[in-house]
Amino acid sequence: MKTRHVILIQAFFVSILASVLVFAAGYYFFISKQPLVTQESTTSKVAIPKLVSTDGTIPDVVETAIPAVVSIIISADVPVIERYYEDFWSPFDSFFGGGGFGGFQIPRQRQIGTERQEIGGGTGFFVSADGYLVTNRHVVDQEGVEYSVVTHDGETYDVEVVAKDPTLDVAVLKVTADVDFPFLTFADIENLRLGESVIAIGNALAEFPNSVSVGVVSGLSRDIVAQNGWRSTESLEGVIQTDAAINRGNSGGPLLNTNGEVIGVNVAVAGSGENIGFALPSNVVSSVYESVAEHGEIVRPFLGVRYLQITEDIAERNNLDVEYGVLIVRGETRGDLAVIPGSPADKAGLTENDIILEVDEQKLDGSKSLAALLRSYNVGDTITLKVMQDGKEKKLTTTLEKQD
C-alpha cells in the first residue's frame with residue numbers, strides 16, 4: 001500500500017513536470033518567436049510624429065520666432081452713449097382711472113462724448129532691426145483710426161503705415177523707436193514641397209496673442225478670391241495653402257518653416273471648410289519690403305495695358321486664331337483705354353486687340369497672370385514680347401518703367 005502511494009505521488013509529479021514542459025514549449029513557439037518589444041524599441045518604433053528642424057524642435061523655433069511677432073492694435077474714438085428715460089404724458093391714463101402721472105416713459109439715448117477704445121487687431125512681424133514690420137493691407141486699411149503694436153513682452157509702440165500695396169494684400173509699417181528689434185528672415189521657397197511642416201504664429205481672434213498652430217503645406221500656387229470684413233474682394237494668385245489653424249486676427253502673421261524662416265504671410269481662411277488657410281508667398285512679400293526699404297515706397301514695373309486672359313471659350317466666341325495669351329482690350333468706361341499713352345506698351349507699338357502670347361519666352365497660358373509675371377521684373381528691365389498683331393506673329397521689345 002505504501003509502495004502504491006509512493007507510485008501515485010511520483011506519477012502526479014511526473015504529470016506536473018510534463019505539463020510544465022509542454023507549456024514552456026508552447027510559449028517558446030508561440031510567444032518567444034514574436035518580435036521582442038522593449039522600452040527602447042517602443043521609443044524607436046512607435047509612429048509618434050516629431051517635427052524636427054535642422055536647428056531644433058518646434059518649441060525651439062517658436063521660442064526664437066515669437067519675439068519678432070507683434071499684435072497690431074486698431075484704436076478709434078467711439079461715442080460714449082448715455083441711456084435715460086423720458087416721461088411721455090398720455091390723457092388716456094387719467095381717463096381710464098390710472099393711478100400714474102397720466103403717461104409712461106420712453107427709453108432714450110444721447111452721446112455725451114467719445115472714448116478711445118480698441119476696435120480690432122491683427123498680426124505683424126519685424127523684418128529688420130530698425131523697426132520695419134510686414135502685415136496684410138486689410139489689417140491697416142481703415143481710415144480715421146490709429147495703429148499701435150504690442151510686442152511679446154507687453155511693450156507698446158506707435159507705428160506708422162509706410163506703404164500699402166494696391167494689388168497685393170501686403171502693407172509695410174515702421175516703428176520709430178530707438179530699439180534694436182529681433183526680426184525674421186524670408187525663406188527661398190523655390191523648392192517648397194507639399195507636406196513640409198509649417199508653424200503659424202499670430203494674435204488669434206485679436207484676443208489671444210502669440211498663439212501657435214502647426215500643420216503642413218497642403219497646396220501650392222493656389223488662386224483664390226478673398227473677402228475682407230467690409231465685403232470687398234480681391235484676387236490673390238500663387239498663395240500657399242496650409243492646414244495649420246489660421247483664425248481671425250492671425251492675418252499678417254508669419255507662416256514659418258522648421259528653420260524659423262518665413263515662407264508666407266497668413267492672409268485668408270476658407271470659411272466653408274476646416275483647416276484650409278492661405279498665405280502670401282515669401283518671395284512676393286519680400287520684394288515689397290525691399291522696395292520700401294530702398295525707395296521709401298513700393299516701386300513696381302509697369303507695362304501699361306488692359307487685358308483679358310484668353311480661354312478656349314473666349315477664343316471660340318470671338319473667332320480668335322489662338323487659345324492662349326492676353327487680349328488687349330478697353331475698360332468699362334470711355335476713359336479706360338486699352339493701351340495707356342506714353343507707357344512702355346505704347347512705346348513698343350502695342351495697340352488695342354493685339355494679343356500678347358509670351359513674355360521672354362514664358363507662355364501666357366493662364367497658369368500665371370501677366371501682372372504676376374511682371375512683378376518678377378524690376379523697373380528698367382528690358383523684356384521681349386511675342387505678340388499677335390493684325391493676324392501675324394511678331395516680337396517687340398520694351399523697357400519697363402515705374403508705375404505711378
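Residues numbered from 1 in each chain as written. Predicted model: local features only at pLDDT ≥ 70, side-chain atom pairs only at ≥ 80, totals over all residues. Heavy atoms only, no water.

A short note on the pairing of strand β7 (residues 197-204)
Burial analysis of β7 places eight of its eight residues in the buried class, the great majority of the element. Here β7 runs beside strand β10 (residues 254-256); their pairing, made up of two bridges, is antiparallel. Bridge assignment links A200 to a residue of β10, and that residue is L255. (Buried < 20%, exposed > 50% of the residue type's maximum accessible area, 1.4 Å probe, protein only. Helix = DSSP H or I, 4+ residues; strand = E, 2+ residues; numbered from the N terminus. Pairing = 2+ DSSP bridges.)

Some points on the packing of aromatic side chains
Taken as a whole and assessed by the stated rule, the structure comprises four aromatic pairs. Seen in terms of ring centroids, F126 and F181 are 4.3 Å apart; in terms of plane orientation they differ by 15°. Their pairing is stacked. Linking F126 in strand β2 (residues 103-126) with F181 in the loop between β6 (171-175) and β7, this pair joins segments that are 55 residues apart in sequence. Assigned by exposure class, F126 and F181 land together as buried. (Phe/Tyr/Trp six-rings, centres within 6.5 Å; stacked < 30°, edge-to-face > 60°.)

Description of helix α5 (residues 282-295)
Its 14 residues place the ends of α5 20 Å apart at the C-alpha level, agreeing with the 20 Å of an ideal helix rising 1.5 Å per residue. Residues of α5 that are buried: S282, V285, S286, V288, Y289, S291 and V292. For α5, the secondary structure elements touched by its buried residues are β3 (132-135), β5 (156-164), β6, β11 (262-269) and β12 (277-281). Of the residues flanking the end of α5, it is G296, one or two places downstream, whose phi is positive at about 80°. (Expected span 1.5 Å × (residues − 1). Contact = heavy atoms within 4.5 Å.)

Topic: unusual backbone geometry
Its identity is not glycine, yet N353 carries a phi of approximately 75°, on the positive side. Turning to its location among the elements, N353 is positioned in the loop between α7 (344-348) and β16 (355-359). At D360, a position not held by glycine, the phi torsion is positive, near 50°. Inspection of the secondary structure puts D360 in the loop between β16 and β17 (362-363). The exposure class of D360 is partly exposed, given its relative accessible area of 29%.

Brief notes about the pairing of strand β18 (residues 382-389)
Bridge count between β16 and β18: four bridges; the pairing is antiparallel. Note that in β18 the partner of E358 across the bridge is K386. Of the strand pairs in this sheet, β18 and strand β19 (residues 392-399) are connected by eight bridges, and their pairing is antiparallel. Opposite T384, over in β19, you have T397 as the bridge partner.

What to know about the environment of F126
Judged by its relative accessible area of 0%, F126 is buried. Spatially, the C-alpha atom of F126 lies 9.0 Å from that of K174, the residues being 48 residues apart in sequence. In contact with F126, not counting residues within four places along its chain, are A68, V70, G131, Y132, L133, T151, V175, F181, P182, F183 and L184.

Some words on the pattern of salt bridges
Evaluation of the coordinates by the stated rule reveals eleven salt bridges. Linking D141 and K164 is a salt bridge whose minimum nitrogen-to-oxygen distance equals 3.1 Å. Placement of the pair is D141 in the loop between β3 and β4 (146-150) and K164 in strand β5, with a sequence separation of 23 residues. Of the residues examined, D141 reaches a relative accessible area of 35% and is grouped as partly exposed. Between R317 and D313 there is a salt bridge, with the nearest N and O atoms lying 3.0 Å from each other. In this pair, R317 and D313 are both assigned in helix α6 (residues 312-317), four residues apart and thus about one turn of the helix distant. Each member of the salt-bridge network shares a partner with another, and the members are R137, D141 and K164. (Salt bridge = Lys/Arg side-chain N within 4 Å of Asp/Glu carboxyl O.)

With respect to the layout of surface pockets
Each pocket or cavity is described by its volume, and for the largest pocket that value is around 1,100 Å³. Taken together, the elements giving at least two residues each to the lining of the largest pocket come down to β8 (208-227), β9 (233-242), β12, α5 and α8 (370-374). With nine residues, the top contributor of residues to the lining of the largest pocket is α5. (1 Å grid on protein atoms, 1.4 Å probe; cavity = no way out; pocket = protein on both sides within 12 Å on 5 of 7 lines; lining within 4 Å. Points joined across faces, edges and corners; volume = space filled by probe spheres on them.)

Considerations on the side chain of S71
Within the element layout of this structure, S71 appears in strand β1 (residues 69-89). By relative accessible area, S71 is classed as buried at 8%. In this view, S71 contacts G122, S148, V149, V150, N203 and P209; residues no more than four positions away in its chain are not counted.

Purely geometric numbers; function is a separate question.
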